[in-house]
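Report on the structure
Listed below, chain by chain, are the residues.
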Amino acid sequence: MSALIRMRLAGFLRGGRILPPAIAVLVVLGVIYGGGASPAAVAYGYSAAALFPVLAWQTKLLLDTEPDVQRRLARVAVGPRSEAAAGLLAAALLALVVCTLAMVTPWLFHGIDTTKAVGSGTALGVLAHLLAVPPAVAVGALASRAVTRGVRNGVAVLVTAAVLVVVLGLQGSITPWLVPPVMATARALNDVKAPPAATLVLLVTWATLWSAVSFTLYAHFRRTRS
Amino acid sequence: MRFEGLWFRYGRRADWTLQAVDASVEPGQTVVVLGRNGAGKSTLLQLAAGVLRPSRGAVRDRPPVVGWVPERFPADQPFTAGDYLHRMALVRGHDPSQADEWIERLLLADHTGTRLSDLSKGTAQKVGLAQALIARPGLLILDEPWEGLDAVARTLIPGIVAEVTAAGGMVLLSDHRGETARIPGAIHWQVADATLAPAPPPPAPARDEVVIEVAVRRADADEAVVRLRAQGHAVLGVREAGR
C-alpha cells in the first residue's frame, strides 16, 4: 500500500495541482500572523480552524488527480479496501506536512508571543491541528469524484461542509455535533489559560466519533459506487 | 471462476446492462466476449476483474492476481512510461525490475523516458498491457486488446494469451473486430439484449479481394512479381501492355 501512497503523492505533486491549496495556506497564514504576535494556543487554535477547509479541498484535489480508470487499475492491483485506504492515508500525510509547516512558519516571522505559555500553547496547537486533519480528510474524501461523480456535486459538498463547520460550530448552535469540533477547539484555545482536561477529552472524543462516522460513510460510498 | 446470477446497472434508475448472467470459466480457458458496441462487453469484463461490483449476484473463485487491460489506457498522468511501469510493479508488491521484462517484450524500451501523455495511442495501449502482465495474473482481462496496436504488437497478443493459459490461468477478452481467429481453442460468448449466451466462433473472414492492373517497366517485371508475392499478394498473370 505504501507504493500506491507514494505514487499518488508523486502524481499530485508533479502535476502541479498542489499549487492552489499551497497558495491558500500562505494566505491563511498571512491573515492569522500578519497582525503581530499572539499567544501560541490562541494562534494555533485559529490556524487549525482556518486550515480546515483548505485541507479538505487539498484532499479532494489529491484524490481527484488520478484518472478514474487508473483508480480502477489500482483497485485491481491492491484490492478495493487498500485502494481506498491508500488515498486517505496519502491525503492525511500531506495534511500533516501542511500542518507542520503552518505551525513552524510563524516562528520565522515572530508570529508567536514567546512570553506566554509557549510550551503548553504549542502542545495544544499540535492537538488542535491533529483534531482538524481526520475530519478535513473525511470531508475532502466525501467530496471526491469517486463519491460525488461530478464536479458540481463535489464542489457543493465541499463548500456546504466548510460553511456548516463555521455556522453550526458557532457558540449557541443547536446541533454543534453535526459538524466536527473545529470551531469549538479554536474557542477552547482562545485563552492564555489552558482549557480543563474534561474539555480536551470531549473535543478528542467528538472529533474521533465524527471522523469514524464520516469514514464509514466514505467506505460505504466507495463500495457501492464504482 | 463463476458468474452467479449476475445483474448490473449503472444507477438505480438506469436500465439493466446485464441480466441474470450465469457462466463459468475453467483454468486454462480463453473466453472471447462478442457483441456490438454498447452491448455490455466492457461491463462484463469489469465485473469479472472486480472493477465493478454487481448490483445482484456474485463472481466466485476469482483468481487472486488479476490483470486488467482497459479499453483506453489512462494516459493523463504525470509519469514517464518507464516510471509508471516501475511504480505499478511496486504497487503490485514486486521488484520494479519485474516490469523490465515486459518493457523489452512489448518493444517499449525506446519509450521508457516518454511521458505517458505524449505516447501514441498504440504505445500507451502497450503500457496498459505491460502493467497487467507484471504480476503474472491468474486471470487476464483484455478489453479490445487489438485497438490501436501496430501490426508487430498485434502478433504478440496470441502468444501472451497462450502463456497465461498454459500456466493454468484464464483469459477473458472482448473483440468487435473479428481478430479472435488468431486465438486458437477459445470459447465464445455473445452479449446481446443485456443477456449472455454461448456463441459459435465467428466464421473466418471470407477472402475479400480486388484485382488491380499495374503497368511495370519490362526490366523490373521479375522483381515486381517477386516483391508482390513476398507481400502476400496473388499475382494472377503477366501480359504485354496495350493488349
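Given the structure is predicted, the values throughout are model-derived calculations rather than measurements. (Residues numbered from 1 in each chain as written. Chains lettered and ligands numbered in written order. Predicted model: local features only at pLDDT ≥ 70, side-chain atom pairs only at ≥ 80, totals over all residues. Heavy atoms only, no water.)

Once that is clear, we can look at the overall build of chain B. Counting its regular elements, chain B contains six helices and nine strands. A total accessible area of about 13000 Å² is found for chain B, and carbon and sulfur atoms account for 50% of it. Separation between the mean location of the 28 positive side-chain charges and that of the 29 negative ones in chain B comes to 5 Å. (Helix = DSSP H or I, 4+ residues; strand = E, 2+ residues; numbered from the N terminus. Areas by Shrake-Rupley, 256 points an atom, 1.4 Å probe, with all protein chains shown as cover. Lys, Arg positive; Asp, Glu negative; His and termini not counted. Charge placed at Lys NZ, Arg CZ, Asp CG, Glu CD.)

Before going further, it helps to examine the nonpolar core. Counting 123 residues, the largest nonpolar core has Met1, Phe3, Tyr84, Leu85, Val127, Ile141 and Leu172 of chain B as the members making the most contacts within it. In terms of residue count, helix H5 (residues 80-108) of chain A provides more of this core than any other element does, 12 residues in total. The contact partners of Val127 of chain B, leaving out residues within four places of it in the chain, are Phe73, Ala81, Tyr84, Leu85, Leu108, Leu116 and Leu119 of chain B. Counting 12 residues, the second-largest nonpolar core is a separate cluster that includes Ala41, Ala48, Ala132 and Leu203 of chain A. (Core = buried A, V, L, I, M, F, W, Y, C linked by side-chain atoms within 4.5 Å. Buried < 20%, exposed > 50% of the residue type's maximum accessible area, 1.4 Å probe, protein only. Contact = heavy atoms within 4.5 Å.)

So, about empty space enclosed by the protein. It is the rolling of a water-molecule-sized probe over the atoms that shows where space remains empty. Residues and elements named next belong to chain A. Considering all chains together, one arrives at four cavities of 30 Å³ or more under this definition. Quantified by volume, the largest cavity comes out at close to 210 Å³. The wall of the largest cavity is formed by 23 residues, among which Arg8, Leu62, Leu63, Thr65 and Glu66 lie closest to the centre. Those elements giving two or more residues to the lining of the largest cavity turn out to be helix H1 (2-14), helix H3 (40-65), helix H4 (68-78), H5 and helix H10 (197-224). (1 Å grid on protein atoms, 1.4 Å probe; cavity = no way out; pocket = protein on both sides within 12 Å on 5 of 7 lines; lining within 4 Å. Points joined across faces, edges and corners; volume = space filled by probe spheres on them.)

The subject of this paragraph is the pattern of salt bridges. In the structure shown here, the tally under the stated rule is 19 salt bridges over all chains. Measuring nitrogen to oxygen at the nearest pair gives 2.8 Å for the salt bridge that ties Arg14 of chain A to Asp83 of chain B. Taken as a pair, Arg14 of chain A in helix H1 and Asp83 of chain B in helix H2 (residues 81-91) lie in two separate chains rather than in one. For Arg14 of chain A, a relative accessible area of 45% gives the class partly exposed. Here Asp83 of chain B falls in the partly exposed class, since its relative accessible area comes to 21%. Between Asp220 of chain B and Arg217 of chain B there is a salt bridge whose closest N-O contact spans 3.1 Å. You can call Arg217 of chain B exposed: its relative accessible area is 64%. Within the structure, one salt-bridge network assembled from shared partners comprises Arg8, Glu66, Glu83 and Arg222 of chain A. (Salt bridge = Lys/Arg side-chain N within 4 Å of Asp/Glu carboxyl O.)

Turning our eyes to something else, we now look at the sheet that holds strand E4 (residues 56-60) of chain B. Residues and elements named next belong to chain B. Sheet architecture is open: three strands sit in the order E2-E1-E4, paired in antiparallel fashion. Two strands in the sheet have a free side with no partner beyond their single neighbour: strand E2 (18-24) and E4. Averaged over neighbouring strand pairs, the angle between their axes works out to 20 degrees when direction is ignored. Relative to E2, strand E1 (residues 2-8) is paired through four bridges, and the arrangement is antiparallel. By the bridge assignment, Phe8 is partnered in E2 with Leu18. (Pairing = 2+ DSSP bridges. Axes fitted to C-alpha atoms, helices over the stretch in contact; angles between N-to-C directions.)

Attention shifts here to the packing of aromatic side chains. All names here are of chain B. Across all of its chains, the model carries four aromatic pairs over all chains by this definition. Taken together, a centroid distance of 5.9 Å and an interplanar angle of 75 degrees make the contact between Phe3 and Trp189 edge-to-face. With Phe3 in strand E1 and Trp189 in strand E8 (residues 187-192), this residue pair connects regions lying 186 residues apart in the sequence. A centroid spacing of 4.7 Å and a plane angle of 85 degrees characterise the contact between Phe8 and Tyr10, whose relative ring orientation is edge-to-face. The exposure class of Phe8 is buried, given its relative accessible area of 5%. Residue placement shows Arg56 over the ring face of Trp7; its charged tip is 4.8 Å from the ring centre. (Phe/Tyr/Trp six-rings, centres within 6.5 Å; stacked < 30°, edge-to-face > 60°. Lys NZ or Arg CZ within 6 Å of the ring centre and 35° of its normal.)

Okay, the domain arrangement of chain B next. Size of an interface: often given as the accessible area lost when the parts come together. What the domain assignment reports for chain B is domain 1 (2-199) and domain 2 (209-243). In this structure, domain 1 of chain B and domain 2 of chain B have C-alpha centres spaced 43 Å apart. (Domains from an automatic or database assignment.)

A few words now on the interface of chain A and chain B. Every contact between the two is made by 21 residues of chain A and, on the other side, 23 residues of chain B. At the boundary of chain A with chain B, total buried surface from both sides reaches about 2000 Å², with 66% on carbon and sulfur atoms. Residue assignment for the side of chain A that touches chain B shows that the elements contributing at least two residues are H1, H4 and H10 of chain A. Considering every element that reaches the side of chain A that touches chain B, the biggest residue donor is H4 of chain A, with eight residues. In terms of residue class, the side of chain A that touches chain B is built from 10 nonpolar, five polar and six charged. (Buried area = accessible area lost by both parts, 1.4 Å probe. Nonpolar A, V, L, I, M, F, W, Y, C, P; charged D, E, K, R; others polar.)

Let us now look at the packing of H3 of chain A against helix H6 (residues 118-142) of chain A. All names here are of chain A. The contact between H3 and H6 brings their axes to 8 Å, and the two run at 25 degrees. Accordingly, the angle class assigned to the pair H3 and H6 is roughly parallel. H3 and H6 meet at a crossing whose hand is right-handed. Considering only residue class, the contact of H3 with H6 consists of 19 nonpolar, seven polar and one charged. (Parallel < 35°, antiparallel > 145°, perpendicular 65-115°, else oblique. Left-handed = near helix turned anticlockwise from the far one by under 90°.)

We now examine the pairing of strand E9 (residues 195-199) of chain B. Residue and element names in this part refer to chain B. Bridge count for E8 against E9 is five bridges, and the pairing is antiparallel. Note that in E9 the partner of His188 across the bridge is Ala199. Connecting E8 to the next strand, E9, in antiparallel fashion are two residues, including Asp193 with a positive phi near 50 degrees.

Attention now moves to the layout of surface pockets. When its volume is computed, the largest pocket comes out at roughly 1100 Å³. Taken together, 25 residues form the lining of the largest pocket, with Ile212, Glu213, Val214, Val235 and Gly237 of chain B sitting closest to its centre. In this structure, the second largest pocket occupies an estimated 570 Å³ of space. If you trace the second largest pocket, you find 17 residues lining it, with Arg149, Thr224 and Arg225 of chain A together with Arg9 and Gly11 of chain B closest to the centre. The element that contributes the greatest number of residues to the lining of the second largest pocket is H10 of chain A, accounting for three residues. Looking at the lining of the second largest pocket, its residues break down into six nonpolar, five polar and six charged.

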